Amino acid sequence: MTFEMIGNLIAAFFTLSIFSFLYKDNPFYKFAEAIFIGVSMGYAIPLAYEKAFIPFVYSPIFLEHRFSIIIPSLMGILYIFRFSKNLSWLSRYPIVFGMAIVGMGVPQAMHSSVLVQMRSSMLPIDNINTALIFIGTITILLYFFFSKEHKGLYGKVTNLGIWYMMIGFGASFGFTVMARISLLIGRIQFLVGDVLGLIK
Amino acid sequence: MSQKKNFFEKMQALDRRYIYIVVALAIIIPLLIPYNSKTYVTEPTENLYKKIDSYAGKEDRAILLCFSHDASTMAELFPMEVAILRHCFERKVKVFTICFMPAAKPLMDYAINTAKEDYAVQSGIDYVSFGYKPYGLFLPIVLGMGDDIGEAVDTDDQGRKVKDLPIIKDGGITNYNEMNLVIDFAASAAVFTWITYARARFGVNVAAGVTAVMAADNYIYLQTGQLTGMLSGLKGAAEYEKLVDVFATYKDKNGKPAPREFSKEILKDSWIKLSDIQNRSHKTARIGMNAQTVAHLMIIVFIILGNIGYFISRNKGKN
């Protein structure tokens, strides 16, 4: 029995253990769930230690004697105080620093999510697509204008906005169904193809 | 005496576990009895293919593949990663890969190893994996690569200095001017970071390979031209697999490789029998789409039956 076959059999066992939850909660499912969490953590922690702590904290401070690195390292350590009731306020300092970086992205996010989107909604209405986009944008924006009661002609226009949104939610839900089925197909392809060798 | 239930009422009270069995059968049977469902290629997939193909054989051009997902979405994203890597290896497009999630690292290596099975490509010459970089470095690397890739990334996953690698040195690849296409494979909004920082600031072409769940969110960027192309879930992967087979890995009558330029006419007339493709990793998504088609038909039937049942029982209640 090759290493690949053993690996496939173990993976098949855990896949079926997880699927067994569809029948009802059981010890196999709980065991597979616990192993998954343990393996994920066991894999991520040494990798982060080797790829983050060693090259960016240990090596610069202890080998290259760049002592300025101590300041951001200490700031990072403050995150640990999140677990202390009395000293949790200290963890806000690195969070504040992180928020400053988020602030840096605001002008660029405005550009890509607002300005460019607005520009694309202001195209000449010379085909059916641009006409539909124009009507959809206006009616949905009007729907979210709550200073006027949605009654009469105005109510009919905002109702069209609801229809646009419903179509959008439907498309989104359709994609979600497709995604979930795809994940199941992936697992069944593994079980039927890789483990049993029945897919040609 | 209890009232007799009709068919639809019985269906509505059906134990959900029977539905699970039907769903499983709707997927297993088409996988075991494969048929050739036609794969129609959509424009976002075409655009991405054409963009990558335009870099074919160019020493001073490269693309970056960013793996931003873990094994839970591998079924959708892995086939498209393999298809794009095959396209690059076949057409001699220089590829860089990177990931910022620990769980993405083994998937990235697995995709490269799967794709390079059929090609004599070498790490550091034809492709290079920058490996796993901590997520805290995501933004510094995205912005830093706009100035100097070697400075921003420093070492590859084998610990070699990126600046000294032939793939970088020989083509004079320094920043986004040369590495002008980034494809992010994600099950999250990671693509948005590339659009916001790399595209808005440096004008780099950004494309996405996303799970179907995320596709709807990304269409707005596609419509505005901020995404060069997009592969949506298993369907997008199946489309790209087909394009690679029809154009990039095309063989002439004597069986010699004869890659073709993209053409809608050729694509229209192309018909590939899946059973003729020996390597299963080259057709994973298309086999999956056969099962997907049957599963979707089944869900449509369920929705119709459920709605009929709902209206019948509502009317009964009113009466």
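The structure presented is a predicted model; accordingly, all values stated were derived computationally and were not measured.

1. As for the overall build of chain B
(1) Moving on: Looking only at helices and strands, chain B has 13 helices and six strands in total.
(2) Moving on: With respect to the principal axes defined by its C-alpha atoms, chain B has extents near 85 × 50 × 35 Å.
(3) Moving on: Out of the 319 residues belonging to chain B, those deemed buried represent 51%.
(4) Moving on: For chain B, contacts bridging at least 24 residues in sequence account for 75% of all contacts bridging at least 6.
(5) Moving on: When the accessible area of chain B is evaluated, it comes to approximately 14,300 Å², of which 56% is carbon and sulfur surface.
(6) Moving on: Charged side chains in chain B number 38 positive and 34 negative. The centres of these two groups are separated by 9 Å.

2. Details of empty space enclosed by the protein
(1) Moving on: What the rule picks out here adds up to two cavities of 30 Å³ or more.
(2) Moving on: Volume-wise, the largest cavity comes out at about 140 Å³.
(3) Moving on: A class-by-class count of the residues in the lining of the largest cavity yields three nonpolar, five polar and three charged.
(4) Moving on: Both domain 1 (7–36 + 286–318) and domain 2 (43–272) of chain B contribute no fewer than three residues apiece to the lining of the largest cavity.
(5) Moving on: Taken together, A:Ser120, A:Ser121, A:Leu123, A:Ile125, A:Thr130, A:Ile133 and A:Phe134 form the lining of the second largest cavity.
(6) Moving on: Elements supplying a minimum of two residues to the lining of the second largest cavity: α4 (92–121) and α5 (128–143) of chain A.
(7) Moving on: Tallying contributions element by element places α5(A) first for the lining of the second largest cavity, with three residues.

3. Some details on the sheet that holds strand β1 (residues 62–68) of chain B
All names here are of chain B.
(1) Moving on: The six strands lie next to each other as β3-β2-β1-β4-β5-β6, forming an open sheet whose pairing is parallel. The open sheet is flanked by β3 (127–132) and β6 (230–232), the only strands paired with a single partner. Strand-to-strand, the axes of this sheet are offset by a mean angle of 15°, without reference to chain direction.
(2) Moving on: Of the strands in this sheet, β5 (205–210) and β6 are in contact with helix α10 (residues 212–223), which crosses β6 at around 155°.

4. Some words on the interface of chain A and chain B
Accessible area lost during the coming together of the parts is what is often quoted as the interface size.
(1) Moving on: Counting residues at the interface gives 42 residues for chain A and 52 residues for chain B.
(2) Moving on: With both chains or domains summed, chain A and chain B bury close to 3,900 Å², and 70% of this area falls on carbon and sulfur atoms.
(3) Moving on: If you look at where chain A meets chain B, you find one salt bridge.
(4) Moving on: On the surface where chain A and chain B come into contact, there are six residue pairs in polar contact (both at pLDDT 80 or more).
(5) Moving on: Secondary-structure elements contributing two or more residues to the side of chain A that touches chain B are α2 (27–63), α4 and α6 (152–195) of chain A.
(6) Moving on: In terms of residue count, the dominant contributor to the side of chain A that touches chain B is α6(A) (18 residues).
(7) Moving on: Grouping the constituent residues of the side of chain A that touches chain B by class yields 25 nonpolar, 13 polar and four charged.

5. Observations regarding the nonpolar core
Most often, soluble globular proteins keep nonpolar side chains buried together rather than apart.
Residue and element names in this part refer to chain B.
(1) Moving on: One finds Ile52, Ile63, Ile84 and Ile183 to be the most contacted residues of the largest nonpolar core, which totals 63 residues.
(2) Moving on: Two domains share this core, each providing at least three of its residues, namely domain 1 (7–36 + 286–318) and domain 2 (43–272).
(3) Moving on: With 45 residues, the next largest nonpolar core counts Val153, Tyr197, Ala208 and Ala215 among its residues.

6. Quick word on the domain arrangement of chain B
Residue and element names in this part refer to chain B.
(1) Moving on: The domain architecture assigned to chain B consists of domain 1 (7–36 + 286–318) and domain 2 (43–272).
(2) Moving on: For domain 1 versus domain 2, the separation of C-alpha centres amounts to 37 Å.
(3) Moving on: If you look at the interface, domain 1 gives five residues, while domain 2 gives eight residues.
(4) Moving on: Surface buried jointly by domain 1 and domain 2 totals about 600 Å² across both partners, of which 57% is contributed by carbon and sulfur atoms.
(5) Moving on: When the area that domain 1 buries against domain 2 is broken down by residue, the three leading residues are Asn36, Arg286 and Met289, summing to 89%.
(6) Moving on: The tally of links from domain 1 across to domain 2 stands at two salt bridges.
(7) Moving on: Of the charged contacts, one joins Arg286 and Asp245 as a salt bridge, the two residues approaching to 2.5 Å between their closest N and O atoms.
(8) Moving on: At the boundary of domain 1 and domain 2, one finds two residue pairs in polar contact (both at pLDDT 80 or more).

Reading guide: rules and limits
Residues numbered from 1 in each chain as written. Chains lettered and ligands numbered in written order. Predicted model: local features only at pLDDT ≥ 70, side-chain atom pairs only at ≥ 80, totals over all residues. Heavy atoms only, no water. Helix = DSSP H or I, 4+ residues; strand = E, 2+ residues; numbered from the N terminus. Buried < 20%, exposed > 50% of the residue type's maximum accessible area, 1.4 Å probe, protein only. Contact = heavy atoms within 4.5 Å. Areas by Shrake-Rupley, 256 points an atom, 1.4 Å probe, with all protein chains shown as cover. Lys, Arg positive; Asp, Glu negative; His and termini not counted. Charge placed at Lys NZ, Arg CZ, Asp CG, Glu CD. 1 Å grid on protein atoms, 1.4 Å probe; cavity = no way out; pocket = protein on both sides within 12 Å on 5 of 7 lines; lining within 4 Å. Points joined across faces, edges and corners; volume = space filled by probe spheres on them. Nonpolar A, V, L, I, M, F, W, Y, C, P; charged D, E, K, R; others polar. Domains from an automatic or database assignment. Pairing = 2+ DSSP bridges. Axes fitted to C-alpha atoms, helices over the stretch in contact; angles between N-to-C directions. Buried area = accessible area lost by both parts, 1.4 Å probe. Salt bridge = Lys/Arg side-chain N within 4 Å of Asp/Glu carboxyl O. Polar contact = N/O pair within 3.5 Å; in protein donor to acceptor, adjacent residues only side chain to side chain. Core = buried A, V, L, I, M, F, W, Y, C linked by side-chain atoms within 4.5 Å.

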